[in-house]
Amino acid sequence: MDARDIMTSPVVTIGEDATVGEAAALMIERNASCLPVLDGNGKIAGIITHSDFGFQRRFLRLAGEAHTLMGSYVRPESVERVAREVSARPVKDVMSRPVVTLDAGASISDVAEVMISKGVNRIPITRDKELVGIITRHDMVKLMLQNMMGS
């Protein structure tokens, strides 16, 4: 079994000059856990996930007493301010890069190995350097469950 057999395609993407707010709205609308970010030439420039939306210490310079929110620290009264500030920023300012990618012909064991060794939960899949799909941790869990149940 290869990456092409379990990848999600087509992939919902966003341009690097779009705002974080636009990215968040698109992720909600399309029920996507991440968006590969494309440069002006349509090449993968980065990836944005919910953890890039700003509820992180680097965006909370005056964190003070912290509370956990979505796995990160933030003062409750800071949420609206941070959301406003971050949502207007371009995606290219907050996206993760470089992006770990694999070819559509990569084996599922290669996908799992890269996810574990690189500590990533999503891998864009390419064919001839063009984005053709994406595999997420959810896809891998679903595959494991199918194998366990004999489907």
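Residues numbered from 1 in each chain as written. Predicted model: local features only at pLDDT ≥ 70, side-chain atom pairs only at ≥ 80, totals over all residues. Heavy atoms only, no water.

Novice: Honestly, the layout of surface pockets in this entry has me stumped. Any pointers?
Specialist: In this structure, the largest pocket encloses a volume near 280 Å³. Around the largest pocket, the lining comprises 14 residues; the ones closest to its centre are Thr8, Asn31, Ala32, Ser33 and Thr136. Those elements that provide at least two residues to the lining of the largest pocket are β2 (34-38), β8 (130-136) and α6 (137-148). In terms of residue class, the lining of the largest pocket is built from seven nonpolar, five polar and two charged. Each pocket or cavity is described by its volume, and for the second largest pocket that value is around 230 Å³. In terms of lining, the second largest pocket is formed by 13 residues, of which the most central are Ile47, Ser96, Val120, Asn121 and Arg122. (1 Å grid on protein atoms, 1.4 Å probe; cavity = no way out; pocket = protein on both sides within 12 Å on 5 of 7 lines; lining within 4 Å. Points joined across faces, edges and corners; volume = space filled by probe spheres on them. Helix = DSSP H or I, 4+ residues; strand = E, 2+ residues; numbered from the N terminus. Nonpolar A, V, L, I, M, F, W, Y, C, P; charged D, E, K, R; others polar.)

Novice: What is the right way to look at helix α2 (residues 20-30) in this model?
Specialist: Three or four residues apart is the spacing at which side chains of an α-helix point the same way, because the helix has 3.6 residues per turn. Every buried residue of α2 is accounted for by Val20, Ala23, Leu26 and Met27. Along the axis of α2, the buried positions cluster into a sector of 120°, meaning they face one direction only. In α2, the exposed residues that point more than 90 degrees away from the buried face are Ile28 and Glu29. Following α2 by one or two positions, Asn31 adopts a phi angle in the positive range, close to 50°. (Buried < 20%, exposed > 50% of the residue type's maximum accessible area, 1.4 Å probe, protein only. Arc of directions from axis to C-beta.)

Novice: Please clarify how the sheet that holds strand β6 (residues 102-103) should be interpreted in this entry.
Specialist: Pairing between the strands of a sheet is mediated by backbone hydrogen bonds and can be parallel or antiparallel. Across the sheet, which stays open at both edges, the three strands sit in the order β6-β7-β8 with mixed pairing between neighbours. Edge positions in the sheet fall to β6 and β8, since each has one partner strand and no second. Pairing of strand β7 (residues 122-127) with β8, which is carried by six bridges, proceeds in the antiparallel orientation. In the strand pairing of β8, Ile125 is matched with Gly133. (Pairing = 2+ DSSP bridges.)

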